[in-house]
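Now for the letters of each chain:
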Amino acid sequence: MKTIGVLTSGGDAPGMNASIRSVVRTAIYNGIKVVGVKKGYDGLINGNLEEMGLSSVADIIHRGGTKLRTARSEEFKTEKGRKKALNILKVFDVDGLIVIGGDGSFRGAKELSKLGVPTIGIPGTIDNDLGYTDYTIGFDTAINTVLDAISKIRDTSTSHGRANIVEVMGRSSGDIALYSGLAGGAESVIIPEVGNDVDEVCQKIIKGRNRGKLHSIIMLAEGIGKADELSKEIESKTGIETRVTILGHIQRGGSPTAFDRILASKMGSEAVKLLLSGESGKAVGIKDNRIINMDIDEALNVESKLDKDMYELTKILSI
Ligand code: F6P
């Protein structure tokens, strides 16, 4: 293995840059050349590659987004697209590839590995929706961003005596809503893994009001429903003015937390080591605070499960 490639794909996540830095520096430390692929699999198909030296990753560990940029490639999902990518890897003498992204990116990495390209996946997504790993890069930063928003919304919620719905990202995972909801002391957390019991949410609001609580924060995961409809239903059932904040892409940006930078650094380094030891088709993860790896195929089949104890605790603490 003389040259390895690295790309970021799918939705960006804070910490991707720290991961790129770790890949580049670990590889160079081991005498391996690194090429960065710009704009994910699209860039691979179009030959958008350039060598990355030590200083190319200076000053990025603290930056959100991804220096390599990213894309969701439709062409790469086709056999023709993948063949083009394979050809580019040959032209640039790339012997192995590291893919930083979510499940869609991992599926692409699996295909490349099947075509004979040693490929390793690093989980980079704010959604924390890959069941084989306890955490994905970017999740911790995203929940801290949401937490900051909850604190601000709580101020105004109290002043006006309103209920406030905070809609967060996560696709079909409720982790962003649950973790930030527990940390932010939300009154209710509505997530796809459990379902939406509006009457229970309303009872909580009323119970809170009856004992003098002025604010109500309702965390709503995007995968379960529309915040506007919920807001109208809560208003009509409780008579309490309800406002909606959809946090949107603010959750994807910002300087990564220490946790995400460390996770990204460890995972980047592990991915290079796996390539150097002749592995392919592996996904790097973290389990019980230890860096692990698993076949990508197997990793993609591990169901992303709700932490039921945490959900119950959130409910108990918001009585
Ligand atoms: O997968 C990350 C994510 O931010 C999801 O939480 C969200 O549903 C989606 O990407 C948004 O995608 P886009 O950036 O294309 O709007």
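Residues numbered from 1 in each chain as written. Predicted model: local features only at pLDDT ≥ 70, side-chain atom pairs only at ≥ 80, totals over all residues. Heavy atoms only, no water.

All right, on to the domain arrangement of the chain then. For the chain, the domain assignment lists domain 1 (3-138 + 256-300) and domain 2 (142-252). Computed from C-alpha coordinates alone, the two centres of domain 1 and domain 2 are separated by 34 Å. Across the boundary between the two partners, domain 1 contributes twelve residues, which contact eleven residues of domain 2. For the pair domain 1 and domain 2, the two sides together bury roughly 970 Å², of which 43% comes from carbon and sulfur. Summed over the shared surface of domain 1 and domain 2, the number is four salt bridges. With its nearest N and O atoms 3.3 Å apart, the salt bridge here joins D127 to R171. (Domains from an automatic or database assignment. Contact = heavy atoms within 4.5 Å. Buried area = accessible area lost by both parts, 1.4 Å probe. Salt bridge = Lys/Arg side-chain N within 4 Å of Asp/Glu carboxyl O.)

Closest axis-to-axis distance for the helix α6 (residues 175-184)/helix α11 (residues 308-317) pair is 10 Å, and the angle between their directions is 35 degrees. Remark: the crossing between α6 and α11 carries left-handed chirality. Residues L178, Y179, G181 and L182 of α6 touch α11, and the partners they reach there are M310, Y311, L313, T314 and L317. Tallied by class, the residues present in the contact of α6 with α11 amount to seven nonpolar, two polar and no charged. (Axes fitted to C-alpha atoms, helices over the stretch in contact; angles between N-to-C directions. Helix = DSSP H or I, 4+ residues; strand = E, 2+ residues; numbered from the N terminus. Left-handed = near helix turned anticlockwise from the far one by under 90°. Nonpolar A, V, L, I, M, F, W, Y, C, P; charged D, E, K, R; others polar.)

Since the α-helix packs 3.6 residues into each turn, any two residues three or four apart lie on the same face. Most of α6 sits out of view: eight of its ten residues are buried. Those residues of α6 that sit buried are D175, I176, A177, L178, Y179, S180, G181 and G184. Once α6 finishes, G185 follows within two positions and takes phi at roughly 65 degrees, a positive value. (Buried < 20%, exposed > 50% of the residue type's maximum accessible area, 1.4 Å probe, protein only.)

In this section: the nonpolar core. In a soluble, globular protein the nonpolar side chains are often hidden away together inside. Counting 54 residues, the largest nonpolar core has I4, V6, I98, I122, V168, I176 and M219 as its most contacted members. The two domains that each donate at least three residues to this core are domain 1 (3-138 + 256-300) and domain 2 (142-252). Once residues lying within four places of it in the same chain are set aside, the contact partners of I4 are V23, A27, I32, K33, V34, V35, V94, G96, I98, V272 and L275. (Core = buried A, V, L, I, M, F, W, Y, C linked by side-chain atoms within 4.5 Å.)

The next thing to look at is the pattern of salt bridges. This structure, assessed with the given rule, holds 21 salt bridges. Put simply, K84 and E75 hold a salt bridge, and the shortest N to O gap is 2.6 Å. Classification of E75 as partly exposed rests on a relative accessible area of 30%. Between K114 and E111 there is a salt bridge, with the nearest N and O atoms lying 3.6 Å from each other. Here K114 and its partner E111 are both found in helix α4 (residues 103-114), three residues apart, which amounts to about one turn of the helix. With relative accessibility at 58%, the residue K114 sits in the exposed group.

This next bit is on the environment of L300. Within the secondary structure, L300 is located in helix α10 (residues 296-301). With near-sequence residues (within four places) excluded, L300 lies in contact with D103, F106 and R107.

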